[in-house]
Amino acid sequence: MEPFDLVVVGGGPAGFMTAITAAENGVKRIIILEGTSKLMEKVRISGGGRCNVTNATWIPNELVENYPRGGIQLLESFNRFAAGDVFDWFEKRGLKLKIEEDKRVFPKSNSSLDVINCLRKSAILKNVEILKKFFVKEIVKTPDNLFNIFSLKKENIIAKNIIISTGGHPSGYKLAQNLGHSIVKPVPSLFTFSTKEENLNECSGVSIKDIDIEIKLNNKTFQNRGDLLITHWGFSGPVVLKLSSIAARELFNQKYRFNLIIKWSVLSYAELKEKINYLRLNKGKVNVMNSRPIPSLTKRLWIFLLNKIGIDKEKKWAELLSDERDKMINTLLKDNYMISGKGPFGEEFVTSGGVKINEVCFKSMESLICPGLFFSGEVLDVDGITGGFNFQHCWTSGWIAGMAVSKINLKVTNQ
Ligand SMILES: Cc1cc2nc3c(=O)[nH]c(=O)nc-3n(C[C@H](O)[C@H](O)[C@H](O)COP(=O)(O)OP(=O)(O)OC[C@H]3O[C@@H](n4cnc5c(N)ncnc54)[C@H](O)[C@@H]3O)c2cc1C
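Cut-offs and rules
- Residues numbered from 1 in each chain as written.
- Predicted model: local features only at pLDDT ≥ 70, side-chain atom pairs only at ≥ 80, totals over all residues.
- Core = buried A, V, L, I, M, F, W, Y, C linked by C-beta atoms within 7 Å.
- Buried ≥ 20, exposed ≤ 12 C-beta atoms within 10 Å, placed from the backbone.
- Helix = DSSP H or I, 4+ residues; strand = E, 2+ residues; numbered from the N terminus.
- Domains from an automatic or database assignment.
- Contact = placed C-beta atoms within 7 Å.
- Near = placed C-beta within 6 Å.
- Nonpolar A, V, L, I, M, F, W, Y, C, P; charged D, E, K, R; others polar.
- Pairing = 2+ DSSP bridges.

Engineer: Would you mind going over the nonpolar core with me for this structure?
Structural biologist: Across soluble globular proteins, nonpolar side chains show a tendency to be buried alongside one another. Formed by 110 residues in total, the largest nonpolar core has its most connected members in Leu-6, Val-7 and Ala-19. It is helix α13 (residues 389–414) that contributes the most residues to this core, 10 residues altogether. When we break this core down by domain, the ones giving at least three residues each are domain 1 (4–188 + 349–414) and domain 2 (191–348). When sequence neighbours within four positions are dropped, the list of residues in contact with Leu-6 reads Ala-22, Val-27, Ile-30, Ala-159, Asn-161, Ile-163 and Val-405.

Engineer: Where do I start with helix α11 (residues 299–309) in this structure?
Structural biologist: Count 3.6 residues to each turn of an α-helix, and residues three or four apart come out pointing the same way. Along α11, the residues that are buried comprise Leu-301, Trp-302, Phe-304, Leu-305 and Leu-306. As for α11, its buried residues are in contact with α12 (322–333). A positive backbone phi angle near 95° is found at Gly-310, which sits one or two residues after α11.

Engineer: I tried to follow the site of the ligand on my own but got confused; where do I start?
Structural biologist: Near the ligand, the surroundings consist of 35 residues, among which Gly-10, Gly-12, Gly-35, Gly-167 and Gly-377 are the closest. Sorting the residues of the shell around the ligand by element identifies α1 (13–24), α2 (41–49), α7 (170–178) and α13 as the ones contributing at least two each. Broken down by element, the residue count for the shell around the ligand peaks at 5 residues, all from α2. Residue classes in the shell around the ligand are distributed as 13 nonpolar, 18 polar and 4 charged.

Engineer: Which parts of the structure should I look at to understand the domain arrangement of the chain?
Structural biologist: In many analyses, interface size is given as the accessible surface area lost on bringing the parts together. When its domains are assigned, the chain resolves into domain 1 (4–188 + 349–414) and domain 2 (191–348). Summarising the inter-unit geometry, the C-alpha centres of domain 1 and domain 2 are found 40 Å apart. Each partner contributes to the interface: domain 1 provides 9 residues, whereas domain 2 provides 11 residues. Grouping the amino acids of the side of domain 1 that touches domain 2 by side-chain chemistry returns 6 nonpolar, 2 polar and 1 charged.

Engineer: How do you make sense of unusual backbone geometry when you look at a structure like this?
Structural biologist: Most peptide bonds take the trans configuration, and most residues that are not glycine carry a negative phi. The phi angle at Asn-145 is positive, at roughly 60°, despite the residue not being glycine. Within the secondary structure layout, Asn-145 lies in the loop between β7 (136–141) and β8 (147–151).

Engineer: Would you explain the pairing of strand β13 (residues 220–230) in this entry?
Structural biologist: Along any regular strand the residues' side chains alternate between the sheet's two faces. Sheet topology places strand β12 (residues 207–217) next to β13; 9 bridges connect them, and they run antiparallel. Bridge assignment links Ile-208 to a residue of β13, and that residue is Leu-228. Between β12 and β13, which pair antiparallel and follow one another directly, the connecting turn spans 2 residues, one of which, Asn-218, has a positive phi of 45°. When β13 meets strand β14 (residues 234–236), the two strands line up antiparallel, connected through 2 bridges. In the sheet register, Ile-230 faces β14, and the bridge partner there is Phe-235.

Next comes the structure, spelled out in structure tokens:
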């Protein structure tokens, strides 16, 4: 059997980008091995079926700030292939994109299937072979520096170069480990918080802009500001997802039991006191539930908070006692919730952890331990926050790996 120039393990976005880049740059015999019967399944379900392809953060120095894990190596990568390059890449291949107000980039059609079709067509156009239901179980390096790749059913394929693009699937880590790599323990990232807080579900669906939230764990403080969504089971929204990413490892160690602090107001104690005193004096006959010191808190949320503080919602502002006012201020400034776990549907979006990045050369995505072995995408210990940053990493690492394999191929052909 003639060896393939490149075997891609994993038919996800990172694997496809690697294969297409290599094929478009002269690599002839490429095959993508996908363990399931579906290609790019995560692309399909991503962004609520719309696929948030990347983020219009064009400057690499700014882009890199959206990766709690990835470090300086990513900056080097983004200096070569960043969000603007991804935008052009897809548009050149016929996929029209649009930038939304919050900088997230989606296909104009709002359909993730168009992203999948664009990638699939680009691969097929360059004669990349695609083999589904080939679940790679074992990779053996032969004495003549080839890779012998075995499926679960013991079929085998031989490769000169191989790339592991298996996302967060445990089998990919095992394959990498067997070829000499260390794995940073994978833990979930980008998840929502569950709480058993009484009556909070009455606020389900309430969304509030620009809220500060905080977690204090073992002398470390994790903070973030953004939009908060209250759900049937607890807290979600961009601010929560990002904080879950920033503190992913610590929250795992904590078994997802921790105290969440929500700061409902950015005002100081004195400013809030003034506002509340104003209501006591000027809206004395109004029920506390009908006039809010912070108008951005919705009425449903305000009633919930009054109940939590222990203030009768029917009480008139003029009847509010000073110690009730102080409790109100303290809650608005620092409201505590006992979080009892991740969201109930196991719906975390990415894995934090994976192949140790200091064992990989980010100029080529080639292993520093096993020449001829490459990595792209989520299998690496790199992960971003929500907003298209995880796909961006797939495109960048896939493109760099594809370019590197084409360089090797060119050298061999010229010899
Ligand atoms: C619900 C959801 C929504 C998301 N939305 C977004 C979003 O809008 N924007 C964003 O940037 N990110 C989003 N993400 C994250 C993003 O989907 C991932 O970061 C990305 O898919 C990782 O790509 P990958 O190619 O590295 O791995 P994957 O997409 O996981 O692909 C790996 C492929 O390898 C295959 N495979 C695994 N092991 C083997 C094996 N041993 N042999 C053969 N094949 C194997 C798998 O079946 C899979 O097809 C979302 C994730 C989820 C779960």
